[in-house]
Structure formats: structure tokens, C-alpha cells
Amino acid sequence: MEPVSMDVEESMDVEESLELSADPLSFARSYQLEALENAMKRNTIVFLETGSGKTLIAIMLLRSYAHLLRKPSRFIAVFLVPQVVLVNQQAAALEMHTDLKVGTYWGDKGVDFWDRDIWEKEIEKYEVLVMTPQILLDNLRHSFFKLSMINVLIMDECHHARGRYPYASIMREFYHCQLKSGNICLPRILGMTASPIKTKGGNDELSYWKNIDELETILNSKVYTVASASVLAEYVPFSTPKFRLFRHTDIQFPMHSCLTERVEILHDKHVRELKLLDLEDSTAESVRKNLSKVKLALEYCLSELGVWLAAKAALSFYSNETDLFSWGNVDAMGETVKNFCLDTFQEFSPYLPTDPNWSIGVDLEGNINKGLLTAKVVSLIELLLEYRDLKDLRCIVFVQRIITAVVLQSLLSDLLPRNNSWKTKYIAGNSNHLQNQSRKKQNEIIEEFRKGEVNIIVATSILEEGLDVQSCNVVIRFDPSSTVCSFIQSRGRARKQNSEYILMVKSGDSKTHSRLQKYLASGDIMRKESLRHASHACVPLESDMQGDFYRVESTGAIVTLSSSVSLVYFYCSRLPSDGYFKPTPRWDFNTGTLYLPKSCPIQSICVEGNPKILKQIACLEACKQFHKMGALTDNLVPDIVLEEDYIQDPESQPYEDEQPGYVPAEMVGSFRPNEIYHCYLIELKPDFQYEIPVHDVVIGMKCELETDVGNMQLDLQVGRGSLAVSLKYFGVIQLNPEQVRWCRRFQVTLFKILIDHKLKDMSEVFDQPHLPENVGVEYLLLPATTMDRRPLIIDWDSVTSILFPCGKFRQGHNSCKSPNYLNSKNGPVCSCMIKNSLVYTPHNGNVYCIMAILDDMNGNSVLKLRNGADITYKKYYEVNHGTNLQYANQPLLKGRKIFKVKNYLLSRQPKEKEQSNAYVELPPEMCSIIMSPISTSTLYSFSFVPSIMHRLESLLIAANLKRMYSDHGTQNVSIPTMKVLEALTTKKCQEKFHFESLETLGDSFLKYAACQHLFKSFQSNHEGFLSVKKDRIVSNVALCRLGCEHKIPGFIRDECFDPETWIVPGDISTNSELQEETLCNTTKIYVSKTRNLKSKRVADVVEALIGAFLSTGGEIEAIKFMNWIGIKVEFAFVPYERHFQVHAEKHVNIRRLESMLNYSFRNPSLLVEALTHGSYMLPEIPTCYQRLEFLGDAVLDYLVTTHLYKEHPGMSPGLLTDMRSASVNNDCYALSAIKVGLHKHILHLSRQLHKDIAAAVQNFERLPLEATFGWDSECPLPKVCPYYLSIIHVRFNASYNLLKDIWLILSQVLGDVIESLAGAILVDSGYNKETVFRSIRPLLEPLVTPQTVKLHPAHELNKFVQKRHFGMNKPVRSSKNGLASYTIEVEANGVTFKHTSTAKDKKTAKKVACKNVLKSLKEAFNSN
């Protein structure tokens, strides 16, 4: 996005157009119009009371600028609000009163990680952008926005423009700098505030003006206000201020003194106990700070609120129900503070009433005397009860502290409902690492308040700004306002006519009373001073950014002294981390040195200068160097953010689920006279005995097939056994038009009958005088002659059987020596023609094969009915079909029902039994002959043909993909077409093979190829950057995109074959017109339909194709295929550049490690790097194992997967995936590391890591050998561990869950070391993978085998459920506080089996939930 610039003349045109385009609203008040007029002429700060309609002035200003903002204009307006809760509120007002397109932005939308391209799309889409100010400041600093592209800049609550607040930084770093440089392309500024002063004010008018003048100067704007409050009073209801005095009574001194002393003692006790936990210094300091905060909060409650509410506060902290502190997960920090709170509560308990019938607030005076409540709290209760007769109370009680809001809400919720139906809730913001409610929860409470469902809100200052509730009629300041602005804004919350603003003040507190009186008068003073100086011009702001910034010339992105610290911390936060190390910079004030994490491209920055800003100077220098080295982009964002945005931007990777399904060109054409056909013989050889034999079938193709397709072999799973099918080339034949017409009629009629089992309207086949010329699926399927009649291959007698209805059957009857005629619906027919015929019976609409003539049975013979009754055939047809047999003495015919056409490609075929009613006796006169002569054997053989042709079609599809690839001149080794077909076949096809094994193999190779390529290409980048780069290559989105670019979706077989939807060649009724498509050059293929195909399926097939080329052609062929499809990776050797020297023997036991690994390092510093954890912050080793772990993870995955694939070649599809998953995981690697003692050699400075390793090693010997592999491997931390239980003496399950979490973190580190050693050996050996496997394999023994593999619980559960036909509900996923929850539910024989598991990641939660449900199912159904 290029910066927008305007010349002077254009700028003047804009100013002129503004005067013409002013667009006030008809209902605007006079002062609003006056304010708009001011804002049109110059930058303006609108200073008006809350509720006076300042937002409407901003809306009218935007309406006036609208013609300059509407797309395709390059300009935008930006509306800044100080709180997230106000973003949607102000945006809704803009959308209501303007036709401008409004976009909304705040931090939780992830905008911190958006790049230039995403913001450019937002700017192209929207005309007004409503956001919090930090977002605009960041975008200006990164040069995603230019100030010159903003026509109007509105700052709500602009009194915040002080110090380092983003409003002030925007003006100071950008606006005033450009103003000073003479840039006239600057936005119109409109500030809005109810008080231009944010401080406590002053003692005289001059001090007030000084504050106003500072605001005008920083915003380069003049204040507009009304002459007096009376101007507003006509429109705005002002609340009546009242003072509520209460007489403070100290809690009984002995009790207060005793409790305060006990709280102090308990605090000191828990601080001392911290040392016993042996925590990291930073963790221990954090716990101490939080203990101190809780202690101070409890002491405050004790003194100011009373023992009762102090006890409530202690319980609230302990229960953590209100998330008052950001404990994170349940750990030593949270438990220590919670235990302190519990102990404190127990100290308070003796002073609390124990009578079960006693209630707080019944005797308020008594509560004060006993110290349970203070006079201030009682005064609040009495004050609220004075409004008990008010029908629709809407009250806000303002307090200073979050804990005050929590406990007062608890008290009022308990006490007030005894007198009325009032409902009380609290709202509190974030402060000093205290966290309270989500913004969603706050919005819900505000909405309930608006509707009257909540009557009282106890709130901190978060509600002083922006809450617009017209019906709020009482505002109570429980704690006095600390500033003029707070006073005015909280007063403005009372919006209803005759509302009250009550200030609670302690009797005799003249200082507070005087200050509040000054606040009451401050409005008039500020208006007076603003009007008195209204004619004075704004004083230019002196820039304090002389050389204390760094600007990127190419983009204009800037980092200043003040922003450099946050940028360095942001950069470090994007570096790889684990549970024992968070990469953060460390500042040494004494030496003026900034130490950076090992994964940074620079390790330290040492600077000199002003001690007060020395850290900022160092951070600014770090930012400069980061940018020069490429770690920060030209927009001064971490390089990894740019890479992540590429992956996450959904609009850049569109995919449509509707994808084509291809038909090979070899099967497409039109019937033409004198056509030449390449004949292939389908030989059928059953391995079972059956009374009806099979015989061969002929395929007539328009072209000769490739060798490995033309020699196709397969086994069909027939219910009675297996049917071996082989394809053989026979030769070329030429057919005349009449023969072609016969062949087409034969196959269409036969297959329509076989598939439909009903004789439908065949006139389109029988009566068609000419062959269709349209392009469709066209080839011949004809009966073959027996061996004794060859070389004539086509059984023309069977083919011409289709001519029987045309009357030509007599031509074949001359050979009959003793004709015996039977009367059929066709008329008299010789018995030799009716035997071996296909007949249609109109009385029931069925088709039968006539196998014999029953000379010993006729129409007068007895038919045995199912109910046991006897009836003659003649009587049966008369009763059931209303037909009188005219030729009852004729012999009956033995008919057989048509064979059912099935999908014989299924991996499992149920055993086939002969139907009891398969054979029937038919009177000849009830039969209409369709085809004759045609044997039952021919019909039986042709019932297998659709399955055979589906497989042949699939092979041809795979061959076309091979040809498309080879046409680019990239193939040197012949890849079997069957292997390509395997890669294209999904599990949904339910055949003997599918792509899963090849996909697993291809996935591992793709990952390895990408990782080694990136490792060599980006030698100065950290592992996080490499991982994101790798994801760009191997992600499903990237693979799907590449697959679509090469038309892979059309080749994929993703549906189980259904014979009923099979396209009969030559059948124009089902042969819809095909769409021609060109694959490459002149290669054509056809689209028959579209189907729903998920993007992941496309990605999986791409990986499977890589696996197919890898398994048959080796790594070179796999790389060639990857390069062809667009995955550009190389295996060229690149030296590993290391710009430092390490004396390896000083840090690790080289000889011991080389003996353990059975490998001698050429460069031992690689061994040191492979063993260095990120916490080892010593300058002697300026790097850590993360990069080598990135490489080693990929090579180990590939080596183990390849080993399993080659070692067990006959494994079923899917088993390789299970074996790989069970072998390549952190649990297995970590246990292997402990087993050989690698943990002793890890270089780290983490106390927690040291303790966890010690606990794991201590209990490792308890594990059986088989626990070191597979999904069932348990963490080597005991279920009852005294050490950890001393930290968490809570419920047993909680402690065990914590141990599980600890093992998850620890296993990552230990597993990473195994992987980093593999990476080190790979690099040191010149990328010799065999050397790596020889070295690492002994550490991993015993490797998993098909006999020892333990399935992933999710996989095993699915198998268990499917086998027993149980019902499995869709899993329920959720996340909260950084933890993932997963719920599995199975319905089995009317019983529900359900389990919810919570863990740090979704995969673990899913695994545990599945494991528990599976265990319960096995116990319930006595299954192993």
C-alpha cells in the first residue's frame, strides 16, 4: 500500500469541497451545529457534558466528508475509542446515521499479527475504521497506514492525550513531525471529552488553563464549548449532586490489631515457605508480589469494609471463582497464594457469627459494633434502601478497587432481595495483573442493566467512560473521584431526568469535601478558560524526536525510544519456547548490556548514555540490528509474523468443495461405421465351485492401452470365494455399421436389465435407426467365444440374440432337426430358441433366464404355496394375476432370477447364499422373449463386468496423471500405474487398498525434504521462523492449492463404487454429455460430474503421490515430482556456517556421549549445541538446540517411517499410520533419553527442569519395558509423589493431572534432545541419514511392531464402536484459560458413556477422553 500524497492545489480543492458538502442532521441542536461549523474550519476539541451528543457532532462531520471517503477513494476516516467496549457502540451509531461502510477493530481480533496485505484489504473494504488507539499507533509505526491517507481522525475521550498514551504518541511521533516538515496532507482532528483535564485540577483558573493548553497543543486543536451549563440544560438532564455523610467508626482496636498482625504473620510464613519449593527466581518473585497484593487487599477490606467482607474477600481469592489474579494454570504460584487466603480466612472465622439462623444486615448497628461491617458500608446499604419504593431503580455504585466491587456485590446480592427484587452485579476492569471478567461478560451485564434485568452495578472506573444507559437514575460514589475527569464522567452516567449523583464522604473529612466541591465548580471554570483563550492560535509542539528513532527509508516504518522496548519484547515473544524457558531479554543496568535469548540473531547489545533511558537506547539499537539482519521486516514486524499471516489469511487460499470427476479419454468417443477396435480379453478364473460357470468377456477399445494397464490383474471378492481377473491384449478387429449397432444394442440391453432388474422402455435402443454421434462413454463389452472356436473371439450368436424381438430369430432356427413349438407372448417359438433365452414376464414385470424346459410339469401341475396349501399353476395365475392359461398342457419353463450386480471391489464381501426363491416355474405363454440365444453363464459373467470396468477406468485415470507428469520430461523411472492409483484412492472407496500408507510415507518425506532445505537456506533464522516456513510448504492449505493448480482433484477416487450409477457405454439415456478438458499440451480428459471433495483430501493425495514416487522411484524421483507440483526443495549440500568457537570438551563429556551414540563427531561443537537448552543463558554458548531439533525431528520421523514401511511390506493400510504415531512422539523419545542417561548431559539453568528430571528418573525404573512405546505409555512420575503433593495438597485427581501436565512439558524437552542429536549427527555426517539411524536406533529400542503397536485411543474407540454398531456423538471441543477440553460420548445399547478431559492441548485432551470412554466400554461389554 503506497502512501497517499496531495499537492497544494488538490488540498485547496478538498477544503473548498468540504464547505459545499457539510451535511448536518435535521434534529441537531444549536450547539451541535455550532461545534460542527468549528470542526469544519479547524481541528477542534468538543468539550461538552456527558450525554450532550458529542458523538452526533462526529457523525455530522463524517457525513460532511463522506463524498471524499466513499470507495474507490483512497482516503479513510479513523474513529478512535479508549476502550474495547466502546468500539461496537460507536460503530453502531455511525452505521445508523451514515451510509458509510464501518469496520471495527480491537486486540482480541488478532490485529496485532496482521500484515500490510490484510490491512490493505480492510482499507479497500471500509470507509470508517473504528478502533482502539494502540492499533492505529502500531499501524503508523509499521507504516501499514500513512497519516496522509486519513481524512478525518476522531479521538473519543481525548483527555487521555497525555504522556505516553497512544493519542499523544500518534500526535507527537507523526502529526507534529509532518506538520513541522510542511506537510499539509494531514487529517482533520476532532477530539471529544466531558473534561479536558484529567488531573485533580488546581487551586486557580491559571492551573486549569495550563492543563487545557497542554491538551490543545498536543492535539493541535482548539476547544469548543458552550458559554454555560444552562445552554445544555435545555437538552441534557443533569443529575443533582448530593453529599452523603457517614460517621466513621473504627473496628474495635484489639480485634483489628490482632487480625492485622495475624495477616502479616501468615504472609511472612508463606513467603518463607517459598524457599522450600526451590522455585526459579523469577517465579518466586512473582509469587511474593502476588502474596503482597493479596495481603494489602485483605488489610484494606479489614479496615475499610469490615471483617465480614474481608473474610468474603479471602474466600473469593481462595476459590478463584472471580479470577481475581492471573494465576494461569494450577501451579506452585496459584496454590501458595490460595493457601495463604485459606489460612487468612480461618483466622477471620472466629470473629464471624456461627448461628445458622443469623444473617448479615439484619442488625446493621450491631454489625458495626462487632466490626463485621464498617459505617461506610452500612451507610451504602441504608442509602440504597431509601430507594426501595422507586419502581425502576437503575443504579451504579462506583468504587476504586476490584475486590471492593466483588465483595460489595456479594453483600448486596445477599441482603437487598430480602426487601425487594433488585438484582446486583459487578463490573471491573484489568489493573496491576488483576484480571476479572471477559469483555463478553461485561457487555452481557451492561445489556441486562439496560433492560432492567439488573438494577445495581458495582463498578470500577471502567464504567466511567462510554456507558450509554438513558434510564440510569442513581449514581453513588462509594469511593470519591480521584480526578476532575473521573468526577464529571461518573456524574454523567446518571442520564435520566431528575437523577441523583450521591457523593459519600466521611464526616469531618474536610479535605475530601473541599476537593469535591471544587470538582463541582470545575466545569464552569474550564468553560470560562476555554472561551477566554478561544481566539489564541495553537502553540507548535516542540518535537522531542531529534535522533531518538530509527526509520526504514523504503517504507517509512519507524521505531522510537519509547516504542523500542515493546518491539524488542514483542520480537522475543515470537521466539520458540517451552515450559521451562520463555525467551525474554535481560537488562543489566550495571554494565548497560541487553542480553537477548539464544535464538535471536544477536546475543547482546552494550550501550552508553543517559542512565534514565539507557535500556531504551539499547532496545532501539537492537531494533536497528534486527532490521539490518532481516529479523525485522521493512515494516519493523518480526519476520515470523509475516510468514504466519501468509498461512492464516483465508482469502488468499480460496477452495471450492465442488470438484470435477474425470473420465479417461480412452473410454470416450462416439460409435462410427467401419470402426477399428483394439480387443482385450477379460479372463475370469474362480477359485470356487458353482453350478453356473463363468466365461471370458471381450473389451473393444478405440485405442491400445499402456502395457501395465492392458495387463491389469485383480481379484474380485465374490461371496462364494475369489474371482481372478486378468486382462490380455488379443488384437485388432474392424466392425461394419450393422455389427457396431448390434454390439451396442446387446450391451445396453444386457446391462440395463442386469442393473435395473426390470425391463424399462427399450425403444430408444431397439428403434434407433442410426448410431448417436454425440461424445460419451463408448467402448464394447461383448461375450467371448470358447477356446475351441478361436481365433474368432466374439460370440456373435450371443450378440445377435438381441435381434430376436425383431423377428430375425428364424434365421438361426434352420439347424433344428426336430422343432417343438411352444406358445409364448412372441407367438409360437421352437423350444430350442426358448431355452437359453432371456424372457420378460409382464404380469409381474420381472426378467428371467430360461435354463431348461420342464417336460414333466405343466399348467395343471400342483404348486406348493408358502402357507402349505396346494394349488395348480393354472388356478394360481387365475387367482393372483387374473389370467386364464390357454395352453395349460404346455411344459413349464425353469427360470432363474437375474443375477444381482454388486460392487465386487469391496475389501470385505459378505458370504453369498443362493436365494430360496431364485428359481421359478413359468408358463411359456406368460413369457416374452427379449434375447435368444443367450446362456445363463453369459449373464452371470457379465454381472462382474461393471466392477472390472470401474477398476480399469480408475487405472486409466491414474495412467493419465502419470502421462501428464511425464509430458513435462521429469520422469526417468517408470512408476507402476497401480501405485499411482493407490495414492489416488481414499478410504471411502472401501477397497483392498487406499492411500493412507503412502500418505504417511509421503508426509514424512515431504517434512524431511522441506526441513533440510530450510535448515540449509536460512542458517541465521531461529526455529520458530523455520517452522512457520515449513508450514507454508507442508500445510494442507498449501498442498491443496498446488494440487488444484495441477488438476489433482479430478483424478481422486473418493466414492465407493455404486453399480447403479455406473455409466453403461453407449447408453444415451444415462450417458450425459461430457465436458472436455485439456490436461497439458494435447492430452485430453473428460468431466462427467462434480462431487464434494474436502481440501484436506486433496492435500492427503498430494502427500500420497509423493509417497508413491518415493516407494518405487526413490528420493530423486520423489523430489522431481515435488518440484513438478510446485514444492521447490533441493538436496544439494550446503556447509553449516557457525560464526563462533566453542571448546566442546569444557561443557560436555564428548567421549561418553560419542560412545553412547556410537558416532564420532568431526565438529564436537554440534554436540554442544544439540544439548544446550534455551535457559542456558551463558555467553560461552551463543546458541541452543532448537534449530537442530527442527531438523532432527524431521529426519527421525522420516527414518522411522521408512523403516516401518520397508520392514513390514504386507501391512494393511492404516497400520503404518498407527505404528508411526506410536513410535514418533515425545513420550517415546523422552523415555529413551532417560533410559540411556541423556538427561545428565543437558545444559540448562532451569531449577524446575532439574527437579522434574530428578522426579522422572527416580520413578523410571518402575515402568515395564512395554511402557516405553505406544500410546499407553505412562509418564514416569508416580500417581502419589510426596514432593509434588507438598506443593499441591488438594484433591488426588488434581495432583495427578498436574503431574501429567508436568510430564507433557518435560517430555518435550527430553524428546527435543533426542531429535537435536539426530540433527547434529545428520549435519556432521554430511547429511547421511543411514548414519543417523544407526546411531539413534539403539536408543529407541525396542521399536514398535505390528504385534506390539497400541492403537491411538481415538482410532481404537472408532473401531470398537463401528464393530458393535454403537452410536458416537460429535465430539464437543472448548477452550478456557489456555486449556483445551474434549468431550467424547458413545450411546451403547441404550446406555451413555461419556467423558470430558482437559489438558494443555487438544490432542492430549482428545486422547485421554477417548481412552477413558474406551476403558468404560470394555469393562461394560467384557472386551479386551
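Up top is the structure.
Please read all numbers here as calculations on a predicted model, not as lab measurements. (Residues numbered from 1 in each chain as written. Predicted model: local features only at pLDDT ≥ 70, side-chain atom pairs only at ≥ 80, totals over all residues. Heavy atoms only, no water.)

Asker: Go over the overall build of the protein with me, naming the residues and quoting the values.
Answerer: Helix and strand content of the protein: 46 helices and 41 strands. Relative to its 1424 residues, the protein shows a buried fraction of 57%. Within the protein, contacts between residues separated by at least 24 positions form 75% of all contacts whose residues are at least 6 apart in sequence. Of the roughly 61,000 Å² of accessible surface on the protein, a fraction of 49% belongs to carbon and sulfur atoms. (Helix = DSSP H or I, 4+ residues; strand = E, 2+ residues; numbered from the N terminus. Buried < 20%, exposed > 50% of the residue type's maximum accessible area, 1.4 Å probe, protein only. Contact = heavy atoms within 4.5 Å. Areas by Shrake-Rupley, 256 points an atom, 1.4 Å probe, with all protein chains shown as cover.)

Asker: Let's hear about the sheet that holds strand E16 (residues 586-588): which residues, and what values?
Answerer: Ordered in space as E16-E17-E18, the 3 strands form an open sheet in which the pairing is antiparallel. Edge positions in the open sheet fall to E16 and strand E18 (604-606), since each of these has one partner strand only. Neighbouring strand axes in the sheet, compared pairwise and without regard to direction, differ in orientation by 15° on average. Examined bridge by bridge, E16 and strand E17 (residues 593-595) share 3 bridges and lie antiparallel to one another. (Pairing = 2+ DSSP bridges. Axes fitted to C-alpha atoms, helices over the stretch in contact; angles between N-to-C directions.)

Asker: Kindly report on the sheet that holds strand E9 (residues 395-398), identifying the contributing residues and their values.
Answerer: Strand order in this open sheet of 6 strands is E8-E13-E12-E9-E11-E10, and the pairing throughout is parallel. In this open sheet, the two strands that pair with only one neighbour each are strand E8 (240-246) and strand E10 (424-427). Across the sheet, the mean angle from the axis of one strand to that of its neighbour is 20°, orientation sign disregarded. Strands in contact with helix H17 (residues 439-451) are E9, E10 and strand E11 (456-459); relative to E10, the strand with the most contacts, it is inclined by about 140°. Docked against the sheet, helix H18 (residues 484-492) engages E8, E9, strand E12 (474-477) and strand E13 (500-506), running at close to 135° with respect to E13.

Asker: Outline helix H35 (residues 1095-1125), supporting the account with residue identities and numerical values.
Answerer: Here H35 spans only 16 Å end to end across 31 residues, well under the 45 Å set by a 1.5 Å rise per residue. The sharpest bend along H35 reaches about 145° and sits at Gly1113. Phi for Gly1126, located one or two positions after H35, is positive at around 115°. (Expected span 1.5 Å × (residues − 1). Bend = angle between axes of the 7 residues up to and from the residue.)

Asker: Got a sec to walk through the packing of aromatic side chains? Specific residues and values, please.
Answerer: Under the counting rule described, the total for this entry stands at 38 aromatic pairs. Judged by centre distance (5.8 Å) and plane angle (70°), the ring pair of Tyr1008 and Phe1131 falls under edge-to-face. Of this pair, Tyr1008 sits in helix H32 (residues 996-1017) while Phe1131 is found in the loop between H35 and helix H36 (1150-1157), placing the two residues 123 residues apart along the sequence. We classify Tyr1008 as buried; its relative accessible area is 3%. Centroid distance Phe1121 to Trp1124: 5.6 Å. Interplanar angle 40°. Geometry classified as tilted. Placement of both Phe1121 and Trp1124 in helix H35 is noted, with a separation of 3 residues, approximately one turn of the helix. A network of ring pairs unites the aromatic residues Tyr690, Phe899, Tyr904, Tyr940 and Phe944 as a single cluster. The ring of Tyr318 carries Lys338 above its face, with NZ or CZ at 5.5 Å from the centroid. Directly above the aromatic system of Tyr690 lies the positively charged group of Arg720, at a separation of 3.8 Å from the ring centroid. (Phe/Tyr/Trp six-rings, centres within 6.5 Å; stacked < 30°, edge-to-face > 60°. Lys NZ or Arg CZ within 6 Å of the ring centre and 35° of its normal.)

Asker: Run through the pattern of salt bridges, naming residues and quoting values.
Answerer: Note on pairing: side chains with opposite charge can pair once their charged atoms come close. A complete count under the given rule lists 50 salt bridges for this structure. For Lys242, the salt bridge goes to Glu500, with nearest N and O atoms at 2.7 Å. Highlighted residues: Lys242 in strand E8 and Glu500 in strand E13, separated in sequence by 258 residues. Owing to a relative accessible area of 36%, Lys242 belongs among the partly exposed residues under this scheme. On the basis of relative accessible area, Glu500 is assigned to the buried category, the value being 18%. Glu683 serves as the salt-bridge partner of Lys728, at 3.4 Å between the closest nitrogen and oxygen. Here the residue Lys728 occupies a position in strand E24 (residues 721-735), and Glu683 occupies one in strand E21 (residues 675-686), the gap between them amounting to 45 residues. Three or more residues joined by partner-sharing salt bridges are found here, namely Asp1003, Lys1007, Asp1193, Asp1197 and Arg1220. (Salt bridge = Lys/Arg side-chain N within 4 Å of Asp/Glu carboxyl O.)

Asker: Which residues make up the environment of Phe626, and what values go with them?
Answerer: Within the fold, Phe626 resides in helix H21 (residues 614-629). Here the alpha-carbon distance between Phe626 and Pro638, two residues 12 residues apart in the chain, equals 8.8 Å. Phe626 has contacts with Tyr571, Leu596, Cys600, Pro601, Ile602, Ala631 and Leu632, leaving out every residue within four places of it along the chain.

Asker: Please set out the nonpolar core residue by residue, giving values where relevant.
Answerer: Formed by 200 residues in total, the largest nonpolar core has its most connected members in Ile699, Leu716, Leu952, Ile1127 and Ile1336. Top contributing element to this core by residue count: H35, with 16 residues. Within the second largest apolar cluster, 71 residues are counted, among which are Leu259, Ile360, Cys395 and Val407. (Core = buried A, V, L, I, M, F, W, Y, C linked by side-chain atoms within 4.5 Å.)

Asker: An account of a nonpolar patch on the surface is requested, with residue identities and associated values reported.
Answerer: A cluster of nonpolar side chains, Ile676, Tyr729 and Val732, forms an exposed patch at the surface whose accessible area comes to about 260 Å². Residue position: Val732 is located in strand E24. Accessibility expressed as a relative area gives 48% for Val732, which makes it partly exposed. (Patch = residues over 30% accessible without salt bridge, like charges linked within 9 Å, V, L, I, M, F, W, Y side chains within 5 Å.)

Such coordinate-based values are descriptive only and should not be taken to indicate function.
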